[in-house]
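Chains, contacts and geometry: an overview
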Amino acid sequence: MTMGLSVLTVHAAPETGPTEQQLADYIAAGRKAAPVADSGSAGSGSACTSGSGAGSGNGSGDCYGGSGSSSGSSGGYASDTVGFGPPMTSWVAAFGYGLTHPDVAPPGANDWNCKPTAEHPRPVVLVHGTWMNAYNGFAFMGQPIKDAGFCTFTFNYGRSNLVEGGGLGSVLPGVMGTGYIQDSAKQLAVFVDRVLAATGASEVDLVAHSQGGSMSNWYTKFEGGAAKVKNLVTFGATHHGTSLDGIGALGRAINNFGIDVLGFIEIFVGHAGIQQTIGSDFVNKLNEHGDTIAGVDYTVVGTRYDEITNPYDLTFLKAAPGVSVQNITLQDGCEQDVSDHLTMMYSPRALSIALRALDPVGHPNLECTFNPWLLGGGGSL
């Protein structure tokens with residue numbers, strides 16, 4: 001997930017949180033109660049039981065719930081960008097610009113005449129997170145990746161309104177990535193195919209933030225993406241869900257005792273938000289056969305100051321035999337980078353990690369600069 005209220009301070013060291021196993025045990029303890037009765041589907045698909053309640057169908061009989069009684073029907077769409085926004089070094093400034101210019105591309109992206117070179121044979125697809133859009137997700141990283149010699153593309157996915165279950169945030173024009181994640185993965189599949197057709201490449205690399213990472217992971221596992229993706233580079237991705245500072249974990253436990261707390265919260269945060277909590281059907285299905293899939297190389301970045309994906313090590317992946325996974329904590333070797341969930345996409349160090357993953361020969365070195373919590377980009381507005 002991408003947006004949320006933070007209570008962290010810049011100078012406070014992160015407290016030691018519960019382990020993933022402790023959270024799993026805590027949540028499992030609530031599963032002894034009988035589930036509440038099915039409430040049916042809010043869409044035209046079949047009713048779907050999920051955890052302690054019923055999730056909405058997506059109009060085709062697929063069960064996308066996992067939070068209890070899902071609010072709203074399934075829906076939403078993806079869209080191309082129109083024009084370009086300015087480069088930004090601050091997440092705050094970029095987010096504001098993205099709200100008022102929801103359809104622009106970040107600088108460096110979407111030159112559909114770009115052709116990959118022998119040095120950089122794979123185009124790069126940038127995938128934004130929840131409550132974000134293509135612009136404010138990559139207003140800092142887009143141009144440098146393009147300047148490094150890559151054909152770079154991005155789009156807006158998961159555009160859904162309040163009626164379609166996008167949550168209250170979806171009433172703002174620049175808030176996207178709120179629809180069902182499985183629907184968004186299908187949208188990514190279509191976009192990747194377009195990029196491959198336009199560039200003549202056989203594979204792409206994905207650089208993804210937050211939900212964009214777990215959604216891209218779903219794409220590789222269930223939408224044919226494994227044959228089309230070489231590198232999956234994720235930042236703060238919700239691969240194993242999030243406790244949302246404990247709110248999600250507590251809500252899941254209460255739900256499992258038969259009280260639909262998460263179904264109520266879903267009205268506010270939308271389908272995608274609830275799907276990313278620990279123990280959801282989406283998270284369980286995503287990892288039921290292991291974290292990774294053969295053919296994809298993974299670079300997974302987390303930050304100790306992540307207030308959204310937490311505990312932050314939930315983002316890390318366990319490699320299956322023969323699969324390459326690099327799990328990187330942003331502060332290892334660079335304590336002065338105190339990026340949180342949002343500003344890590346405006347961190348020079350995070351950018352250097354992405355470039356190294358995409359081209360380890362051309363970009364072997366990592367930067368280390370102060371990157372403040374909340375602002376990002378060295379604090380420059």
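The structure this text deals with has already been given above.
As a starting point, this report considers the structure included with it. Since this is a predicted model, take the numbers as computed values, not measurements. (Residues numbered from 1 in each chain as written. Predicted model: local features only at pLDDT ≥ 70, side-chain atom pairs only at ≥ 80, totals over all residues. Heavy atoms only, no water.)

**Let's talk about a nonpolar patch on the surface**
Applicable threshold: Note that patches include only residues with greater than 30% relative accessible area and no salt bridge, and the join distances are 9 Å for like charges and 5 Å for nonpolar side chains (Val, Leu, Ile, Met, Phe, Trp, Tyr). To be clear on the numbers: accessible area is Shrake-Rupley with a 1.4 Å probe, and residue cover counts the displayed protein chains and nothing else. For this document, the term salt bridge refers to a Lys or Arg side-chain nitrogen within 4 Å of an Asp or Glu carboxyl oxygen. Segments assigned H or I by DSSP are reported as helices when at least four residues long, segments assigned E as strands when at least two residues long, and all are numbered from the N terminus.
Side chains of Leu 162, Leu 168, Val 171 and Leu 172 sit close together on the surface and give an oily, nonpolar patch of about 330 Å² of accessible area. Along the polypeptide, Leu 162 turns up in the loop between strand S6 (156–159) and helix H5 (181–199).

**With respect to the pairing of strand S4 (residues 124–127)**
Threshold: Between buried and exposed lies partly exposed: a residue is buried under 20% and exposed over 50% of the maximum accessible area for its type, with that area taken using a 1.4 Å probe on protein chains only. One bridge is not enough; two strands pair if DSSP finds at least two bridges between them.
Where burial is concerned, the two faces of S4 agree: the one with Val 124 and Leu 126 and the one with Val 125 and Val 127 are both buried. Where S4 and strand S5 (residues 152–154) come together, three bridges link them in parallel fashion. Looking across to S5, one finds that Val 124 is bridged to Thr 152. Summarising the sheet, S4 and strand S7 (residues 204–209) pair through four bridges and their orientation is parallel. If you follow Val 127 over to S7, its bridge partner there is Ala 208.

**Details of the pairing of strand S9 (residues 297–302)**
Most of S9 is tucked away: five of the six residues are buried. Sheet topology places strand S8 (residues 229–235) next to S9; five bridges connect them, and they run parallel. Each bridged residue has a counterpart across the sheet, and for Asn 231 the counterpart in S9 is Asp 297. Sheet topology note: the S9/strand S10 (residues 325–329) ladder contains five bridges and is parallel. Each bridged residue has a counterpart across the sheet, and for Thr 299 the counterpart in S10 is Gln 326.

**Some thoughts on the environment of Gln 326**
So the rule is basically this: Between two residues, a contact is recorded if the distance between any of their heavy atoms is within 4.5 Å.
Inspection of the secondary structure assignment puts Gln 326 in strand S10. For Gln 326, a relative accessible area of 41% gives the class partly exposed. It is 9.3 Å that separates the C-alpha atoms of Gln 326 and Ala 357, two residues lying 31 residues apart in sequence. In contact with Gln 326, other than residues within four places in its own chain, are Tyr 298, Thr 299, Val 300 and Arg 356.

**What to know about the packing of H5 against helix H6 (residues 211–222)**
What counts here: Helix axes use the C-alpha atoms of the stretch in contact, all axes being lines fitted to C-alpha atoms, and the angles between their N-to-C directions lie in the range 0 to 180 degrees. To sort the angles, those under 35 degrees are grouped as roughly parallel, those over 145 as roughly antiparallel, those from 65 to 115 as roughly perpendicular, and the leftovers as oblique. Three residue categories are used. Nonpolar comprises Ala, Val, Leu, Ile, Met, Phe, Trp, Tyr, Cys and Pro, charged comprises Asp, Glu, Lys and Arg, and polar comprises the others, including Gly.
Interaxial distance between H5 and H6 falls to 9 Å at its minimum, and their mutual angle equals 70°. Comparing the axis directions of H5 and H6 gives the class roughly perpendicular. In this structure, H5 uses Ile 181, Gln 182, Ser 184, Ala 185, Leu 188, Ala 189 and Val 192 to contact H6, whose residues at the interface are Gln 211, Met 215, Ser 216, Trp 218 and Tyr 219. For the contact of H5 with H6, the per-class residue count stands at eight nonpolar, four polar and no charged.

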